[in-house]
Amino acid sequence: MKRAFDIAASAIGLLILTPMFAIIAIWIKLDSKGPVFYKQIRVGQGNKDFEIFKFRSMIVGADKGSLISIGNEEQRVTRSGKVIRKYKLDEIPQLINVLIGDMSFVGPRPEVRYYVNYWTEEQMEVLSIRPGITDPASIRFRDESEILGKADDPEKFYIENIMQEKLAMNLEYVRHNTIWNDIKIIFKTFSAIIK
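### Here's the deal with the overall build of the protein
Part 1: Within the protein, the secondary structure is distributed over nine helices and four strands.
Part 2: Put simply, the protein runs from its N terminus to its C terminus through helices and strands in the order α-α-β-β-α-α-β-α-β-α-α-α-α.
Part 3: By residue count, 45% of the 195 residues in the protein fall in the buried class.
Part 4: Pairs at least 24 apart in sequence give 70% of the contacts found in the protein among residues at least 6 apart.
Part 5: For the protein, the computed accessible surface area is about 10800 Å², with 61% contributed by carbon and sulfur atoms.
Part 6: Here the protein contributes 28 positively and 25 negatively charged side chains, and the mean placements of these two sets differ by 6 Å.

### Focus on unusual backbone geometry
Part 1: Non-glycine residue N47 carries a positive phi angle of around 65 degrees.
Part 2: Not every positive phi belongs to a glycine, and K88 is a case in point at roughly 60 degrees.
Part 3: By the secondary structure assignment, K88 is in the loop between α3 (79-86) and α4 (94-100).
Part 4: Using a relative accessible area of 29% as the deciding quantity, one classes K88 as partly exposed.

### Some details on the nonpolar core
Part 1: F55 and F105 are the most contacted members of the largest nonpolar core, which has 22 residues in total.
Part 2: The biggest single contributor to this core is helix α2 (residues 18-31), with four residues.
Part 3: Residues V43, Y115, V116 and L167 belong to the second largest nonpolar core, which totals 15 residues.

### Some details on helix α1 (residues 2-16)
Part 1: With 15 residues, α1 ought to run about 21 Å at 1.5 Å a step, and its terminal C-alpha atoms sit 21 Å apart, in line with that.
Part 2: Residues of α1 that are buried: D6, S10, G13 and L14. Each buried residue of α1 lies within a common arc of 95 degrees when the element is viewed along its axis, so the set occupies one face. Exposed side chains of α1 directed beyond 90 degrees from the buried face belong to L15 and I16.
Part 3: For α1, the secondary structure elements touched by its buried residues are α2, α4 and β3 (104-106).

The rules behind the values
- Residues numbered from 1 in each chain as written.
- Predicted model: local features only at pLDDT ≥ 70, side-chain atom pairs only at ≥ 80, totals over all residues.
- Heavy atoms only, no water.
- Helix = DSSP H or I, 4+ residues; strand = E, 2+ residues; numbered from the N terminus.
- Buried < 20%, exposed > 50% of the residue type's maximum accessible area, 1.4 Å probe, protein only.
- Contact = heavy atoms within 4.5 Å.
- Areas by Shrake-Rupley, 256 points an atom, 1.4 Å probe, with all protein chains shown as cover.
- Lys, Arg positive; Asp, Glu negative; His and termini not counted.
- Charge placed at Lys NZ, Arg CZ, Asp CG, Glu CD.
- Core = buried A, V, L, I, M, F, W, Y, C linked by side-chain atoms within 4.5 Å.
- Expected span 1.5 Å × (residues − 1).
- Arc of directions from axis to C-beta.

Read these as spatial facts, not as claims about activity.
Here's what the structure looks like:
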C-alpha cells in the first residue's frame, strides 16, 4: 500500500511540479556556474548505496569540504540556494528517487556513508526500510544548520548529539511504521515549511 502510494504520488507530483522545476532550474543556472542538479551517494534500504537527487544549492565543489552545513550565512550556499533550502525546494527532485524505488515519501532521511560508519548495530535497523524525503527528525531539526552554527565543534556536536537524537527518532518510526503515521508526518512537514 505504501509503495503504491509512493509511485502514484511521486508521478503526479512530478507532472504537477514541472513548471516549478523549470523556474528553479533557470534561476539556478542564472545565479551560479554549474549543473542544475546535485547528486550525492547516500545509504539506503539494506545498507546499499544509491544516488540522491537535489537541486544544487551550493557552489560547485562545496562537497569537498565539510559534509554538514553550518549557520545561516554558510559561505558555500548560493543566493538561490538560500531560498530553495529555506523552503525545502531543493528536495523536490527526490520525487525521482521515490518513483524509481530508492526512497519513499516518508522514512528516515538517508545519510552519507561517512556518518553511517558511526552507527551501532541497533541503529543500523534504520536501514531496514526505504529512506524518505521527510521524517519526524527532519521536522524536529528543521533548523539544524543554525544549531550547528552555535556549536564549538559542529561536526563533533552533530555526531554525538544531533545524529544520536535523529537515530532514536528514526528507530521509533521504523518500529511503529504505519500509513496513517506517514500521512500525519506529511501534513506536519507542510505545516513546518509554511510556518
